[in-house]
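# Overview (structure and organization)
What follows is the residue order along each chain.
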Protein chains: 2
Amino acid sequence: MNKFYHMPTKIIMGDNCIAGSSGLLAAMGAKALIVTGRHSARINGSLEDVTAVLTSNNQQYVIFDKVMANPTVECAYEGAAFARENSVDFVIAIGGGSPMDAAKAIALLAKQDIKEEVLFSGSYAQEVLPMAFIPTTAGTGSEVTQYSILTNHKAQTKTSIASPVLFPKLAFLDARYMAALSPSTTVNTAIDALSHSVEGMLSVRAGTISDSLAMESIRLISSCFGAMQANSLEHNMREKLLYASTLGGMVIANTGTTAVHSMGYSLTYYRDVDHGRANGLLLAAFLAFVEKSLPERVKTILDCMGLKQVEEFSALLDGLLGEKETISAQEIDSYSARAINTKNISNCIAVPGQEDLVKIFRDSFRM
Amino acid sequence: MNKFYHMPTKIIMGDNCIAGSSGLLAAMGAKALIVTGRHSARINGSLEDVTAVLTSNNQQYVIFDKVMANPTVECAYEGAAFARENSVDFVIAIGGGSPMDAAKAIALLAKQDIKEEVLFSGSYAQEVLPMAFIPTTAGTGSEVTQYSILTNHKAQTKTSIASPVLFPKLAFLDARYMAALSPSTTVNTAIDALSHSVEGMLSVRAGTISDSLAMESIRLISSCFGAMQANSLEHNMREKLLYASTLGGMVIANTGTTAVHSMGYSLTYYRDVDHGRANGLLLAAFLAFVEKSLPERVKTILDCMGLKQVEEFSALLDGLLGEKETISAQEIDSYSARAINTKNISNCIAVPGQEDLVKIFRDSFRM
């Protein structure tokens, strides 16, 4: 089976990197649409840094700050209409996965009149507003992927638009914006990133390049487990988590995700469990499932964390995630039935059946 | 200091990957210029694979097979004239570093009338013929870099053109083409790749992403040292070396090279020492120089090879490279004086003075 690697986004890393490479933003166009959420970009300094650079570059901007957590298809269409009304030349996304994923759909829909019925088909022309992304959490990796994950009420789940046209042109990684993240957001997003790198290594599309990125990502995140647990992350650890999440994004841009993500989407859609947390709740049990047929691969992953057994990994995640939600047998059956029909299942190096998914859910929730 | 990462080439990996992704070549245009050397592409099967796919895609092609080892500026201009005469739409390079580096300059000069006086300035428009690269040695990594290294008789050295427009669109990695490489070519090219990854970790531009790629590259190459020494490389090891060389290319695309390359260019230009061998002759002594001020960094590199001491690394390279050339004190002084004025020197995390370069040369040749 041939393997592929592609990730064309230019990444700029380090404190004050937006101001330090202001010419890169200047080259993007005369007028920007800034896509963000209601609050965080105003609090963590990222919005101010961006607008200061735009102003000093003599670039205009408008702000679309209506992106909610787990953004909807409707939100993307609203943002695209706003972009067209304001005749913007490019899009700047600031925030966690929600503003970044919404911004990709907005950049696409602002240039192309794509009806909702075919939005998730992935077959569009090349036209898209160029994008610069500024993550303010260290989890999603959306700044280096071609995916826009939107909540799709018609399908009653999260659905992804995937197209090479959605790779941002630029990603600015400045860990100062994560300094005041809450412990729970820090943990949930770090576990999301970890899940990307682990799942990337459990994908049939994993190759040497994605593995090298995934292994370093796993090493970096696990080196921060102790400080995450103690809520004592210094700036250099925030930076490790941020770079690890970008590495994880580069991984899934090439491998896709696995059963963990498709199972987790139901926890998020129906039970409002945070996306990263949902992955973290399921990850160890999925690893145990894969270990039965592919123990060497799982050993490689555990080695990166300095662990010997999946049980140790499970206990470690339990400590980070705290008390678990309760979930009924009926919910498990329903979520497993949904997940088994997703593309993510055949993407696993060890393909689970529906009864395996039920067992992974049950093991995850200690039922 | 902010760090950057960018490598937009799409990579396709695995046996028969050109035929397996023939649609990617089909999308490049109606008529190809194939740039290669006189012989090897005809012997190792790569040229036949490419022309079969082009024929089945109904694409036309012409072949420019005049690229010599260490291609000259004149060769690039000749190839560009041939490309224009034949009105080609895109360039396919097949070969080691020489055809690939020449092909980049040809693709650029075919679209833009750049005079030789400004060819090495790096400031050109975006226009370039799109490129698909097929390495047939596992060393240079040119398939994923923005560099074209040409022998420049006016400057009496090898000089690089560096521009983001020179990144190939596609790189096809098929290790079957390396099956019959001679032991010396195998060693020299593998050491070139190793040098890229090691030097990338010793560059001031090294960052988390380039490090993750470099470390895996070093691990992969060192896992093949024994088989290289015994001349018993199986297909899976050829594949490891090929992927490691591409990882090394991704590294130097972002870090550049260091003193080792600038010193080695004189050995190649004046003494006709193979490029990879030249790097290998100098690498351990440079590592010893860096170790004096930055022992932790050197330890990280040695760890990837399972080694404890620079001396072990030096002995290992001695075993692979065999008897060394003799070189005079006068040559060393002259080459050191040339190297100290190159950009590569300030790119080192431990910056050598001219007397350090003399000592590295002397240590390398046991003088």
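Scoring rules and cut-offs
- Residues numbered from 1 in each chain as written.
- Chains lettered and ligands numbered in written order.
- Predicted model: local features only at pLDDT ≥ 70, side-chain atom pairs only at ≥ 80, totals over all residues.
- Heavy atoms only, no water.
- Least-squares fit on C-alpha atoms with pLDDT ≥ 70 in both.
- Contact = heavy atoms within 4.5 Å.
- UniProt positions renumbered as here; feature names shortened; annotations may be inferred.
- Helix = DSSP H or I, 4+ residues; strand = E, 2+ residues; numbered from the N terminus.
- Polar contact = N/O pair within 3.5 Å; in protein donor to acceptor, adjacent residues only side chain to side chain.
- Nonpolar A, V, L, I, M, F, W, Y, C, P; charged D, E, K, R; others polar.
- Pairing = 2+ DSSP bridges.
- Salt bridge = Lys/Arg side-chain N within 4 Å of Asp/Glu carboxyl O.
- Buried < 20%, exposed > 50% of the residue type's maximum accessible area, 1.4 Å probe, protein only.

What follows concerns the relation of the copies chain A and chain B. Each copy superposes on the other: chain A lies on chain B with an RMSD of 0.0 Å after a rotation of 180° and an axial shift of 0.0 Å. Viewed as a symmetry operation, the transformation between the two copies matches a two-fold axis. Taking C-alpha positions as reference, the residue of chain A nearest the rotation axis is A:P8, located at 1.9 Å. A high fraction, 100%, of the interface residues of chain A reappear at the interface in chain B, so the copies pair face to face through one surface.

As recorded in UniProt, the feature "domain: Fe-containing alcohol dehydrogenase-like C-terminal" (unreviewed entry) lies at residues 186–315 of chain A. A distance of 18 Å separates the end C-alpha atoms of residues 186–315 of chain A, which is 81% helix and 0% strand.

Let us now look at the interface of chain A and chain B. Interface size is commonly expressed as the accessible surface area that is lost when the partners come together. Each side of the interface is counted separately: chain A has 30 residues, and chain B has 30 residues. Taken together, the links from chain A to chain B amount to eight residue pairs in polar contact (both at pLDDT 80 or more). For the side of chain A that touches chain B, the elements supplying multiple residues, two or more each, are β1 (3–13), α1 (17–20), α8 (208–222) and α10 (235–255) of chain A. It is β1(A) that provides the largest number of residues to the side of chain A that touches chain B, a total of 11 residues. When the residues that make up the side of chain A that touches chain B are grouped by side-chain class, the tally is 16 nonpolar, nine polar and five charged. Bridging between β1(A) and strand β1 (residues 3–13) of chain B involves seven bridges; their strand directions are antiparallel. From the neighbouring strand, A:M7 faces β1(B), where its bridge partner is B:M7.

Residue and element names in this part refer to chain A. Under the definition given, this model contains 30 salt bridges over all chains. In this structure, E78 engages K66 in a salt bridge whose closest nitrogen and oxygen atoms are separated by 3.0 Å. One end of the pair, E78, is in helix α5 (residues 73–85); the other, K66, is in the loop between β3 (60–64) and α5, and 12 residues separate them in sequence. Overall, the relative accessible area of 43% leaves K66 in the partly exposed class. Residue D303 pairs with K299 through a salt bridge whose shortest N-O separation is 3.1 Å. One end of the pair is D303 and the other is K299, both in helix α13 (residues 295–304) and four residues apart, which spans about a single turn. Residue K299 is classed as partly exposed on the basis of its relative accessible area of 43%. Each member of the salt-bridge network shares a partner with another, and the members are R38, R42 and D65.

The next thing to look at is the UniProt feature "domain: Alcohol dehydrogenase iron-type/glycerol dehydrogenase GldA" (unreviewed entry) in chain A. According to UniProt, the positions carrying the feature "domain: Alcohol dehydrogenase iron-type/glycerol dehydrogenase GldA" (unreviewed entry) are residues 8–174 of chain A. Along residues 8–174 of chain A, the helical share is 31% and the strand share 26%, with 20 Å between the first and last C-alpha atoms.

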